[in-house]
Number of protein chains: 2
Amino acid sequence: MDLDHAARCLEKLGHPTRLRIIRLLVRAGPDGLSVGAVKEHLGIPASTLSHHIGHLVSAGLIGQERRGRILRCTANYPLLDSVVTLLTEECCTGLTAVRKRAG
Amino acid sequence: MDLDHAARCLEKLGHPTRLRIIRLLVRAGPDGLSVGAVKEHLGIPASTLSHHIGHLVSAGLIGQERRGRILRCTANYPLLDSVVTLLTEECCTGLTAVRKRAG
DNA sequence: ACGATATTTCCAGAATTATCGAAATATTGT
DNA sequence: ACAATATTTCGATAATTCTGGAAATATCGT
């Protein structure tokens, strides 16, 4: 996970609708949710949703598996974790870290 | 820190140049760096840099304090921490968290 | 006041992103 | 084969973002 890859992930996460999608899928657990279920939750047009999901898939932030007519989306926990880790280690290792160590 | 605010911050962090700026300032510590110093490090035109810094300031991710001719920029550690925290708690509280607890 | 340094604002063009209806594709059950 | 459901792709428009040269602004030292 280099800085550019992290930036690409953060860019995708940095849209309200997409951040909601990620939150939904994370909360849904390892089984994730179908595209249709996400659509129900967010109440946005199918084509708009499909584009946003496409962004997230292209960045690897979510995975997809077809089960019959339904396309199941799951959060890529390890990648999300990597992004958070990089953000923490590379970009938050200043005063806050010192404070935390100091208690 | 609600989801929309977090999305705004992530959007700003989600650009390679801006993520580099943040990293520089975080590593620079509480005193931060002048705009000129950041420009030296990144090697980009002043106006381009100024725009990016403007983005970060508007999102509150960095602060500025004028000292004579020099404008000192500092990372907003608490805000960065809030973003990471929200991302962790709201969006990474799935399998990864379970794994971590399990060891 | 002036010249030098630091940084922003103005301006414009190119590129990218967001939105969503309509049409297309994929899959299932009958 | 057909109707129904699930999802994507197409196509078009509007909006936003990115970039950087040139000009403007701010501050300092003399």
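Since the model is a prediction, treat every value here as computed from it, not as a measurement.

## Observations regarding the protein's contact with DNA strand D
Link 1 in the chain: Within the structure, DNA strand D sits among 23 residues, and Gly36 and Ser50 of chain A together with Ser47, His51 and His52 of chain B are positioned closest to it.
Link 2 in the chain: A share of 62% is what sugar and phosphate atoms reach among the atoms of DNA strand D within 4 Å of the protein.
Link 3 in the chain: Between DNA strand D and the protein, one listed contact pairs a phosphate oxygen with a side-chain N or O atom of Glu11 of chain B at 3.4 Å.
Link 4 in the chain: Elements represented by at least two residues in the surface near DNA strand D include exactly α3 (35-42), α4 (46-58) and β3 (70-75) of chain A together with α4 (46-58) of chain B.
Link 5 in the chain: Element by element, the count of residues in the surface near DNA strand D is highest for α4 of chain B, at five residues.
Link 6 in the chain: Here the residues of the surface near DNA strand D sort into five nonpolar, 13 polar and five charged.

## Notes on the confidence of the model for chain A
Link 1 in the chain: With 89% of its residues at a pLDDT of 70 or more, chain A shows a mean pLDDT of 91.
Link 2 in the chain: Segment residues 95-99 of chain A is flagged for pLDDT under 50; beyond a separation of four residues in sequence, or across chains, it makes seven contacts in the model.

## Focus on α4 of chain A
Residues and elements named next belong to chain A.
Link 1 in the chain: Over its 13 residues, α4 extends 18 Å from the first C-alpha to the last, a length consistent with the 18 Å expected when each residue adds 1.5 Å.
Link 2 in the chain: Considered for burial, the residues of α4 that qualify are Leu49, His52, Ile53 and Leu56. The arc enclosing the buried residues of α4, seen along the axis, measures out at 100°, which places them on a common side. Facing away from the buried side of α4 by more than 90 degrees, the exposed set consists of His51 and Ser58.

## Thoughts on the relation of the copies chain B and chain A
Link 1 in the chain: For these two chains of identical sequence, chain B goes onto chain A by a turn of 180° and a shift of 0.0 Å along the axis, with RMSD 0.0 Å. In symmetry terms, the pair is related by a two-fold rotation axis.

## Considering the interface of chain B and chain A
Link 1 in the chain: At the interface, 33 residues of chain B touch 33 residues of chain A.
Link 2 in the chain: Carbon and sulfur atoms make up 69% of the surface buried where chain B meets chain A, a total of about 2900 Å² over both sides.
Link 3 in the chain: Linking chain B to chain A there are two salt bridges.
Link 4 in the chain: Put simply, Arg20 of chain A and Asp4 of chain B hold a salt bridge, and the shortest N to O gap is 3.1 Å.
Link 5 in the chain: The interface formed by chain B and chain A includes two residue pairs in polar contact (both at pLDDT 80 or more).
Link 6 in the chain: Going through the elements one at a time, α1 (3-13), α2 (16-28), α5 (77-91) and α6 (95-102) of chain B are the ones with two or more residues in the side of chain B that touches chain A.
Link 7 in the chain: At nine residues, the largest contribution of residues to the side of chain B that touches chain A is made by α5 of chain B.
Link 8 in the chain: Across the side of chain B that touches chain A, the residue classes tally to 18 nonpolar, six polar and nine charged.

## Digging into the protein's contact with DNA strand C
Link 1 in the chain: In the vicinity of DNA strand C, 23 residues are found, and the nearest of them are Ser47, His51 and His52 of chain A together with Gly36 and Ser50 of chain B.
Link 2 in the chain: Considering the 4 Å shell around the protein, atoms of DNA strand C inside it are sugar or phosphate in 64% of instances.
Link 3 in the chain: The side chain of His52 of chain A places a nitrogen or oxygen atom 2.6 Å from a phosphate oxygen of DNA strand C.
Link 4 in the chain: Of all elements in the fold, only α4 of chain A together with α3 (35-42), α4 and β3 (70-75) of chain B reach the threshold of two or more residues within the surface near DNA strand C.
Link 5 in the chain: Residues that form the surface near DNA strand C fall into these classes: five nonpolar, 13 polar and five charged.

Reading the values: the criteria
- Residues numbered from 1 in each chain as written.
- Chains lettered and ligands numbered in written order.
- Predicted model: local features only at pLDDT ≥ 70, side-chain atom pairs only at ≥ 80, totals over all residues.
- Heavy atoms only, no water.
- Near = heavy atom within 4 Å.
- Polar contact = N/O pair within 3.5 Å; in protein donor to acceptor, adjacent residues only side chain to side chain.
- Helix = DSSP H or I, 4+ residues; strand = E, 2+ residues; numbered from the N terminus.
- Nonpolar A, V, L, I, M, F, W, Y, C, P; charged D, E, K, R; others polar.
- pLDDT = per-residue confidence, 0-100.
- Contact = heavy atoms within 4.5 Å.
- Expected span 1.5 Å × (residues − 1).
- Buried < 20%, exposed > 50% of the residue type's maximum accessible area, 1.4 Å probe, protein only.
- Arc of directions from axis to C-beta.
- Least-squares fit on C-alpha atoms with pLDDT ≥ 70 in both.
- Buried area = accessible area lost by both parts, 1.4 Å probe.
- Salt bridge = Lys/Arg side-chain N within 4 Å of Asp/Glu carboxyl O.

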